[in-house]
Amino acid sequence: MPFRFAHLTDTHLGSGAGYPQPVEIGTGERLSQVFRDIASAHPKLAAFVVTGDLTDRGLPEQFADFVAATTATELTVHSIPGNHDHLVPEPTDLISRNGYAIHSGEPRHYESFLGPRWYSFDLPGLHVVAMDWFTHELGLDHETQNVWLRADLDAIDPGMPWIMLCHDQPWRSILDGLPRAPIATFSGHRHTSRVVSTGATLHVNTPPAMFGGVDNSPATYRIVEWDGERITIDSQRTYPPRSDVRSLRANTVQSRWSRTTPAIGQRTPFIITGGRVVVPVAVDDEARGSLAAYDAGSGEPLWQAGLDSPLRSAPVTAGTTAIISSAVSGTTWAHDPATGETLWRRPTSDPLRRFGFYAPTLVDGLVLIGDQAALRALDQRTGETVWERSDIAPYQIFVTLSAPVVDRSGMAGSTPTVFWAGFPEPRTPIRLDPKTGETVLSPGIESADDLFRVLASGAGLPIRTPVVDPASGDLIATGVTSVFRRSATDSEMRWSYPTSVPWNPVSVDLSSHGALVVDVGGAVALLDLETGDQLWRTEVGAVSDECFLTYRRSPHPLFAAATIVGDRVLIPALDGDIVTLDALSGAVLGRFATEIPVLAPLVVHDDTAVALHRDGRLVAYPLAAFGGSLS
C-alpha cells in the first residue's frame, strides 16, 4: 500500500481511415513509448489498465500491434474490449435494447489475441471486475455476464470493496440488482473528461490516452491510487507542454490587477455580469466544480459556490436575478449573482447517462438544457421542469457540444422558436416551441445513413453552438470540416468554408462586417455573411506546444474565440500572445506578450480586457496595451 495503476483508454490503434483528415490516432509504436514514459514518470506504478477501444477497427494486425506494445513495459497490462474492438464484420447502425444508437459487431478477434472479455482479479484489499460493455449493451451475452458478475461478487468477502472496469460508464442495465455498489468505475468511450459521484460510487470517465478528446481535453491518463480505504485519482497529460505552469506565471507588469484562481487549465469561457467576473471551475480529480466570482474593477474575491461536479460549459446570466450553469453531472444550478447563494438546483433525469457539456439556453423565462436524447425546459425562477422531450434522437456515443439557439427572426411566426441541430444528433435540424417543446418545423437534412459515413462526410451539422442570422433565421455554424450557412426553411447549404483542421473548436462570431472565423490551425478569417466569400484571412503566426484538438496531438497556435471591440479583433494565442487585428482588413495592429497561454476568450470590462490564463491567473489588461485604437 498504496497500490497505484495508470488508467488509459481509447488508444484506437489504426490508420484513421474513415475520419475527416488529417487525424492522429494511435499506433503501436507510439503506445509502446507511452507505456515506457508513464512507467518512467511514476516509478511506484504497479500496473496499467486500458478500458477498451484498444484498436480502431478490430483488425488482427491492430490487435497484434497492441499486444506487441504491452511488451514495452514490465508492468502488468489489464485490458477490456470496447465497441471499436468488435467492428467485425462490416458494421451496421442499430439501436440497442436500451435505446442506445450504436453499431453491430462481434468479439472473435479480441478473444483470439487477448482472451476473456470479462474477468476479475484482486489487489491488496480491493476486488476488480472487468466487463465487456459493448456485447452486454447489444444483448449478445448480457444475461451470461450478469449471472457471472453476481456470482463473482457473492464469492468474495461481503466487506471487500470493489471497482469496475467498463468501456462506457456502466448504466443501470449493469449496476441494478448487484449485492452492493462499486466504490468506483473506470471507463472511456465518450472521449471526454467526466468525473462524478452517484451515491457511494465515483465514476471516472477518462479522455483518450494518445490524442485530444471530443470535449477538447488534451491526451490524458490518470494515476489511480488505492490506500486501503479510498480511491484517489491524479490526471496527467500524456504529452505535457514544455512550460511548467507551476513555475511560470503570466506577465502581469502592465495589468490593472491580477488574481490567482482555482481554474487552472480551464478551457471554458467565463462571463462578466453586474461588475463581477464569474469563472467556471473544474476539479476533475476530486469530482467537484464551482463558480468563483471576482470584482471586475479590482479582482478582489467576492464568493465561491460549490457544485456537485466539474463545470465544463459557460454559465449564463438571467438578467440581474440569477447565474445559471450546468455541470458535467447534468445538474443545473441557479446562483444569486451578488452572494453566490444557491437559488435552486435541478438534478438530471439520469445521472449515469446525461453528460452536461453545453451551456444552458435562456428563452422567455425558461432554461433549456439536456443532451441529444433528452431536452428539457426548466422554470428560471424555480428550476421546476416545464417540459421534457426524449423522442428527438436516440441516446448517442458522443456528447453534444451544440446548444439549442433562439431564433427571433420571425421566419416561423411572430413568436421565437428554438432551433436545434448537432453532431451526431439531432441529425435532422428541428424547430421547437420553447413554451411547450412541441415541434414547429423539421425541414429534413440529406446526410449519410450511419455515423461513420456522417463523420467522414463532414456533413453540415454543428459541432459547437451555432448562431442564427437575425435577418433570415439561417443557421451559421462550425461543422466537422467547415464553417457553413444552412437555410432556415429547407436546410439547403448556402455556403461552406473549409477549416484547416477537422473539429475546429470555435463557434462563428457575427459582426457588423461579416462572419468571423477563428481557424485554430493558425488563422483568422472574415467571410461575407451572404455568400461565404473570404474578405480577408490573416495567419496569426503563433508557435505553441499545446494541443486540445479532437483526434489530434500535434500542437496548434489558437484555441479561444476572438473578442470584437469596435473595429478591432483581439485573438488570444496559445503562445501567450494577445494579437490585435483590424476588423476591416485583417491587418495585424499589435502583439502583446503575456507569456502564459490563454485558453478562454477575453472579456471586455470598461477599458480593460480580462484574460484567464492556463496557470489559473485571472488578469485585467488595459485595452490600450494591445495596439490600435479600440474605441
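How each quantity is defined
- Residues numbered from 1 in each chain as written.
- Predicted model: local features only at pLDDT ≥ 70, side-chain atom pairs only at ≥ 80, totals over all residues.
- Heavy atoms only, no water.
- Helix = DSSP H or I, 4+ residues; strand = E, 2+ residues; numbered from the N terminus.
- Rg over C-alpha atoms; globule rule 2.2 N^0.38 Å.
- Buried < 20%, exposed > 50% of the residue type's maximum accessible area, 1.4 Å probe, protein only.
- Contact = heavy atoms within 4.5 Å.
- Areas by Shrake-Rupley, 256 points an atom, 1.4 Å probe, with all protein chains shown as cover.
- Pairing = 2+ DSSP bridges.
- Salt bridge = Lys/Arg side-chain N within 4 Å of Asp/Glu carboxyl O.

1. What about the overall build of the chain?
And step 1. When you go through the chain residue by residue, the secondary structure sums to seven helices and 45 strands.
And step 2. Computed over its C-alpha atoms, the radius of gyration of the chain comes to 24 Å, within 12% of the 25 Å expected for a compact globule of 631 residues.
And step 3. Across its three principal directions, the C-alpha atoms of the chain cover 70 × 55 × 45 Å.
And step 4. Per-residue burial over the chain gives 62% buried out of 631 residues.
And step 5. Taking the contacts inside the chain whose residues are at least 6 apart along the sequence as the reference set, 56% of them involve residues at least 24 apart.
And step 6. For the chain, the computed accessible surface area is about 21,700 Å², with 49% contributed by carbon and sulfur atoms.

2. Side note on the pairing of strand β21 (residues 332-335)
And step 1. Alternating positions in β21 separate into two faces, T332 and A334 on one and W333 and H335 on the other, with burial throughout.
And step 2. The pairing of strand β20 (residues 322-326) with β21 spans four bridges and is antiparallel. When the bridges of β21 are listed, S325 appears paired with W333.
And step 3. Between β20 and β21, which follow one another and run antiparallel, lie five residues, and G330 among them has a positive phi close to 95°.
And step 4. In this antiparallel pair of consecutive strands, β21 and strand β22 (residues 342-346), the connection spans six residues, and G340 shows a positive phi of 80°.

3. Some points on the environment of G586
And step 1. Structurally, G586 is set in the loop between β41 (577-582) and β42 (588-593).
And step 2. Separated by 48 residues in sequence, G586 and T538 have C-alpha atoms that sit 5.9 Å apart.
And step 3. Sequence-distant contacts of G586, defined by excluding residues within four places in its chain, comprise W536, T538 and L581.

4. Some remarks on the pattern of salt bridges
And step 1. A full pass over the atoms with the stated rule returns 32 salt bridges.
And step 2. With a shortest N-O distance of 2.9 Å, D284 and R312 are connected by a salt bridge. Separated by 28 residues along the polypeptide, D284 in the loop between β16 (276-283) and β17 (288-295) and R312 in the loop between β18 (301-307) and β19 (316-318) bring together distant segments of the chain. Across the pair, exposure class does not vary: D284 and R312 are buried alike.
And step 3. Residue R591 is joined to D577 by a salt bridge in which the shortest nitrogen-to-oxygen separation is 3.3 Å. Taken together, the residues span a long stretch of sequence, with R591 in strand β42 and D577 in strand β41 at a distance of 14 residues.
And step 4. The network of salt bridges with shared partners includes D469, D474, R485, E492, R494 and E530.

5. A short note on unusual backbone geometry
Most peptide bonds adopt trans geometry, and most residues besides glycine take a negative phi value.
And step 1. The peptide bond linking M1 to P2 adopts the cis configuration, its omega dihedral lying at -10°.
And step 2. Tracing the backbone through its elements, the reader meets P2 in the segment before β1 (3-8).
And step 3. With an omega of 0°, the peptide bond between Q21 and P22 qualifies as cis.
And step 4. One can find P22 in the loop between β1 and α1 (28-41).
And step 5. We note that A287 has phi near 55°; this positive angle belongs to a residue other than glycine.

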